[in-house]
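Breakdown of the fold
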Amino acid sequence: MKPNCKNIIGVLGITLAVSAMVACKKSFFDGTPKGQYTTATYFKTPAEVQAATASMYGAAWFNFNCTYSMSIGDVYSGNSTGDANAAMVQFQNMNVTQSNEYLYKGWASLYSVVGQANGIMMNLANNPNAVSLDAATVNTAMGECYFMRAAAYFYLVRNYGAVPIVTDTNNFMGNYQLPRHIVSDVYKFIINDLKQAETKLPAKGAAPGRVSAGAAKALLAKVYLTIDDFANAKARAWELISNESTYGYGLRDKFEDLFYTRNNNNKESIWALQWTASGADGAYGTGNVTQAYCAPYGQELTGSTDGWGSFKPSIDLQRDSIAGDLRRKPTYMRANDYYPELLQIRGGYTYPSCKSKTGANVKKYVVGNYEDNAATGGAYGMSTGINTYMIRYADVLLTYVEAVMGNSTSTNDPIAIAQFLRVRTRAGLGGIPVNNITADDLLRERRLEFAFEGQYWYDILRLPQDKALQRLSKTERGMFEGWCGDGAVVSNKISVTANMLLFPVPQSEIDIDPKLSEVPVPYY
């Protein structure tokens, strides 16, 4: 039996006021208990502040990362099949219900991020010990909170539409009756938060893995792109592209090097969730569990009880691949692919032909067993130490191209083409046939670059709605008859309608707060 991700949000050893805020509750309104803040529990040292903000880089996102992100970003979009259990099959068949376990856990995880950010900001704003904290420490921490809160709301608004905007953790402890706020106001809130993050964060992260002003600009570019503000999206992306040395970003030379644990927090990583392999105690909430769901079925690669092959490259994704693309093998395994970095003690791993009914298994985030990762903290059951990319520099380059293209169906802008070719050249592909990039070219490039990074669904959402529905309806979600990727394809194509582009608010939340089922109201 495949265990479900446990809804345990740890605080990475923090014994501060914030810790009470991340405990598991029946509602996403996980606020700070009344009377929580006292002069004894306010932050007194920079180390305490930094430890508190560190929790926003992993633990709060645990259930988002566990199954929610890929179930939406890759299974629902048609990049991957998902057949681990009934909850995942609903994403596969695009009939996700309000009682879906993963849907709720993702919602709760994102609001845990919001709650942690709110709690830390409230503490810093009302801290009687502020004289002991230098301005840089406070500004950086506030910037991290604004960034993380905005990021959580960016996922919430794209997935659920109108959602409650929560900023005061204390006020709703006895008041669960909060309304949803209109979508335009949620986006305004996100943009305001990210502008705050831009001004408060340093140009480069205060420590490896920490977000910076550059990360805020990158996320702002994605937000502006989503709401069709192409001028601002282009400006934010170009600021990073034209000042790479200032912000410290760039492409790694080899695509495959991005997905080794030893290369965490490399120059291409703009924002990544930070994980530590949990160790033999099996503690949840500290390690990356993605390998458990992606590794081919059986214990051979992981050396543990996981390796379920739950997420598998769809036939549709494989058909979209380009001959000679160097990204294919580090992205997914096909028969006779050899990986020297896996099962190193045996001389490497060769993927067999009979492991999947789509003829392939995911390779991204599959890093192998304990011995393969001994130098970087090991790997245990349902836990590795590889970071989860949330924004890579390649995304900034392709965001710039998309912003230049705007509502057009193509672009011949030479600067945009140059950024497109940087990504394509690293993949070992030649130039484009003519000096012109179409919207279809760009979407395909993004699909192949970011497959199994939870992005493709949001890329499709940015298409004109009729184009998005048409593409989704043509997507092959079926599998082959045989376990060797052989036999006939048992086709599964879905007639997609506009109401399937948003997910329902979890019923358990509506039961607690009936206002969530009412018409959204303005926030501003």
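What you are looking at is a predicted structure, and each value in this text was computed from that prediction instead of being measured. (Residues numbered from 1 in each chain as written. Predicted model: local features only at pLDDT ≥ 70, side-chain atom pairs only at ≥ 80, totals over all residues. Heavy atoms only, no water.)

1. A word on the packing of aromatic side chains
This structure, assessed with the given rule, holds 28 aromatic pairs. Measuring from ring centre to ring centre gives 6.3 Å for Trp61 and Tyr155, while their planes differ by 75°; the resulting arrangement is edge-to-face. Of this pair, Trp61 sits in the loop between helix H1 (46-54) and helix H2 (62-76) while Tyr155 is found in helix H5 (residues 135-160), placing the two residues 94 residues apart along the sequence. A relative accessible area of 0% means that Trp61 is categorised as buried. Residues Trp457 and Phe503 carry aromatic rings whose centres are separated by 6.4 Å and whose planes lie at 55° to one another, so their mutual orientation is tilted. Pair noted here: Trp457 is in helix H16 (residues 456-461) and Phe503 is in the loop between strand S12 (489-490) and helix H18 (507-512), with a separation of 46 residues, a long-range link. (Phe/Tyr/Trp six-rings, centres within 6.5 Å; stacked < 30°, edge-to-face > 60°. Helix = DSSP H or I, 4+ residues; strand = E, 2+ residues; numbered from the N terminus. Buried < 20%, exposed > 50% of the residue type's maximum accessible area, 1.4 Å probe, protein only.)

2. What to know about a positive patch on the surface
The grouping of Arg319, Lys467, Lys474 and Lys493 at the surface amounts to a positive patch. Mapped onto the secondary structure, Lys493 falls in the loop between S12 and H18. (Patch = residues over 30% accessible without salt bridge, like charges linked within 9 Å, V, L, I, M, F, W, Y side chains within 5 Å. Areas by Shrake-Rupley, 256 points an atom, 1.4 Å probe, with all protein chains shown as cover. Salt bridge = Lys/Arg side-chain N within 4 Å of Asp/Glu carboxyl O. Lys, Arg positive; Asp, Glu negative; His and termini not counted. Charge placed at Lys NZ, Arg CZ, Asp CG, Glu CD.)

3. Considerations on the pairing of strand S8 (residues 388-392)
With 5 of its 5 residues buried, S8 lies for the most part within the structure. Of the pairings in the sheet, the one linking strand S2 (residues 269-273) to S8 comprises 4 bridges and is antiparallel in character. When the sheet's bridge partners are listed, Trp271 is paired in S8 with Ile391. (Pairing = 2+ DSSP bridges.)

4. Here's the deal with the environment of Thr276
Structurally, Thr276 is set in the loop between S2 and helix H10 (290-294). Among the residues examined, Thr276 registers a relative accessible area of 56% and is labelled exposed. Put simply, Thr276 and Asn387 are 111 residues apart on the chain and 8.6 Å apart in space, counted from C-alpha to C-alpha. With residues up to four places along the chain from it excluded, the contact list for Thr276 reads Thr286, Gly287, Ser383, Thr384 and Gly385. (Contact = heavy atoms within 4.5 Å.)

5. Examining the packing of helix H13 (residues 393-405) against helix H14 (residues 414-426)
Relative orientation of the contacting elements H13 and H14 amounts to 145°, with a least axis distance of 9 Å. The hand of the H13/H14 crossing is left-handed. Each of Tyr393, Ala394, Leu397, Leu398, Tyr400, Val401 and Val404 in H13 lies in contact with H14, whose residues at this interface are Ile415, Ala416, Gln419, Phe420, Arg422, Val423 and Arg426. Residue classes in the contact of H13 with H14 are distributed as 11 nonpolar, 1 polar and 2 charged. (Axes fitted to C-alpha atoms, helices over the stretch in contact; angles between N-to-C directions. Left-handed = near helix turned anticlockwise from the far one by under 90°. Nonpolar A, V, L, I, M, F, W, Y, C, P; charged D, E, K, R; others polar.)

6. Quick word on helix H15 (residues 439-450)
For H15, spanning 12 residues, the distance from its first C-alpha to its last is 16 Å, which sits close to the expected 16 Å at 1.5 Å a residue. Burial in H15 covers these residues: Leu442, Leu443, Glu445, Arg446, Arg447, Leu448, Glu449 and Phe450. Taken from the residues just after H15, Phe452 is the one with a positive phi, measuring 65°. (Expected span 1.5 Å × (residues − 1).)

7. So, the side chain of Asn369
Structurally, the position occupied by Asn369 is in the loop between strand S7 (361-362) and S8. Since its relative accessible area comes to 10%, Asn369 is described here as buried. In this structure the side chain of Asn369 is engaged in a polar contact, spanning 3.2 Å, whose partner is the backbone nitrogen of Glu371. (Polar contact = N/O pair within 3.5 Å; in protein donor to acceptor, adjacent residues only side chain to side chain.)

8. Some words on helix H6 (residues 183-200)
For H6, which comprises 18 residues, the first-to-last C-alpha distance of 26 Å matches the rise-based estimate of 26 Å (1.5 Å per residue) to within 8%. Of all the positions in H6, only Asp185, Val186, Tyr187, Phe189, Ile190, Ile191, Asp193, Leu194, Ala197 and Glu198 are classed as buried. The inward-facing, buried residues of H6 contact H5, helix H7 (213-226) and helix H8 (230-241).

9. Observations concerning the pattern of salt bridges
Scanning all chains against the criterion turns up 30 salt bridges. When the shortest N-O distance is used, the salt bridge between Glu268 and Arg392 registers 2.8 Å. Pair noted here: Glu268 is in the loop between helix H9 (244-247) and S2 and Arg392 is in strand S8, with a separation of 124 residues, a long-range link. Classification of Glu268 as buried rests on a relative accessible area of 0%. In this structure, the salt-bridge partner of Glu449 is Arg392, at a minimum N-O distance of 2.9 Å. Of this pair, Glu449 sits in helix H15 while Arg392 is found in strand S8, placing the two residues 57 residues apart along the sequence. Each member of the pair Glu449 and Arg392 is classed as buried. Through salt bridges that share partners, Glu268, Asp325, Arg327, Lys364, Arg392, Arg424, Arg426, Glu445, Glu449 and Glu453 make up one connected network.

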